[in-house]
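One letter stands for each residue in the lines below.
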Amino acid sequence: MGRRQAQPQRALPPVRGVAMVAAMSGTGKGPGQNAGKRLIVGLSGASGIVYGVRVLEALRGTGVETHLVMTKSAEVTLAYEMTAKVADIRALADVVHPVHDIGAAISSGSFRTEGMIIAPCSVRTMSEIAAGTTASLMTRAADVVLKERRRLVLLVRETPLHTGHLRTMTRLSEMGAIVAPPVPAFYQRPETVDDIVNQTVGRALDLFGFDLGLVKRWGEPAAAGGVGKPARKSGDA
Ligand SMILES: Cc1cc2nc3c(=O)[nH]c(=O)nc-3n(C[C@H](O)[C@H](O)[C@H](O)COP(=O)(O)O)c2cc1C
């Protein structure tokens, strides 16, 4: 396990959400409110590694202590999907736990956290959590979160889904996990991939009570970062 020593060299492109978080200091949503809170962030080998990376980016400077665990397959998808290197992703977290370190702090329920988000969550990781096999730190940490009745949010990414996938998701939901596939919301009129990623990540972090200003909220004025209901054209039914 390695605690981040210094501000890392940022190799990732600037992210709108991060700037927004920084701009929020002094609004009551900054580090003070989240002091002492910890979130486990799991990155597994499904497509969409950017979701997990965005979670880590968004939580920087908010006071939430992030504990990263990343599978070997996540390192593979990272190489396919982003220019950032594994070291760049690790540098975004406060604490990095090797996936084979089953003695890490997050493998025990006595280590207090707000819960765990796995983004993206592969079918393999999802299935292992549902079966309770806990062969790696990723699935052990998730199992601990469930047994302690803390929040487990899984951004499961696969399509199409067969009945076995759907049954596994039902089982996880019955066990207390929240299955939250990264499905875009088009009512907020995204213009970039970044908009889509931020909305999904923001809604997932909402589930932990972290409002980082990433979400364009329905029914709130545009000036407040919301998305109002568009006026209907004359002639609409
Ligand atoms: C480029 C790429 C994309 C992948 N996308 C998915 C995906 O969307 N969903 C999924 O369940 N597996 C996907 N996989 C396969 C997983 O990486 C593979 O099943 C792996 O064993 C998952 O291991 P993990 O759960 O330990 O990360 C993908 C693999 C690669 C190389």
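Everything discussed here concerns the structure shown above.
Below is a short write-up of the structure. (Residues numbered from 1 in each chain as written. Predicted model: local features only at pLDDT ≥ 70, side-chain atom pairs only at ≥ 80, totals over all residues.)

1. Focus on the pairing of strand β3 (residues 65-70)
The side chains of a regular strand alternate, first on one face of the sheet and then on the other. Which entries qualify depends on this criterion: Any residue with 12 or fewer other C-beta atoms within 10 Å of its own C-beta is exposed, any with 20 or more is buried, and the rest are partly exposed; the C-beta atoms used are placed from the backbone. A run of H or I in DSSP counts as a helix once it spans at least four residues, and a run of E counts as a strand once it spans at least two, with each numbered from the N terminus. Pairing between two strands is assigned when DSSP locates at least 2 bridges connecting them. The path from the first strand over the helix to the second decides the hand: if it runs clockwise while the strands point away from the viewer, the crossover is right-handed.
The buried fraction of β3 amounts to 5 of the 6 residues, a majority that puts the element mostly inside the structure. Looking at chain direction, strand β2 (residues 38-43) and β3 are connected through 6 bridges and run parallel. The residue bridging glycine 42 from the neighbouring strand is valine 69, located in β3. The parallel pair β2 and β3, bridged by helix α3 (residues 49-59), forms a crossover whose chirality is right-handed. Relative to strand β4 (residues 95-97), β3 runs parallel, the two sharing 3 bridges. The residue bridging leucine 68 from the neighbouring strand is valine 96, located in β4.

2. Topic: the site of the ligand
Formally: Should the C-beta atom of a residue, placed from the backbone, lie within 6 Å of a molecule or strand, that residue is near it. Classification used: nonpolar for Ala, Val, Leu, Ile, Met, Phe, Trp, Tyr, Cys and Pro, charged for Asp, Glu, Lys and Arg, polar for all others including Gly.
Around the ligand sit 16 residues, and of these Ser44, Gly45, Ala46, Thr71 and Ser73 come closest. At the level of secondary structure, the elements contributing two or more residues to the shell around the ligand comprise α4 (72-81) and α6 (123-131). Sorting elements by how many residues they give to the shell around the ligand places α4 first, with 5 residues. Looking at side-chain class alone, the shell around the ligand contains 5 nonpolar, 8 polar and 3 charged residues.

3. A few points about the nonpolar core
Counted only if it meets this: Residues enter a nonpolar core if they are buried, belong to Ala, Val, Leu, Ile, Met, Phe, Trp, Tyr or Cys, and are joined to the set through C-beta atoms within 7 Å.
Counting 56 residues, the largest nonpolar core has Val55, Ala141 and Leu154 as its most contacted members. With 8 residues, α3 is the single largest residue contributor to this core.

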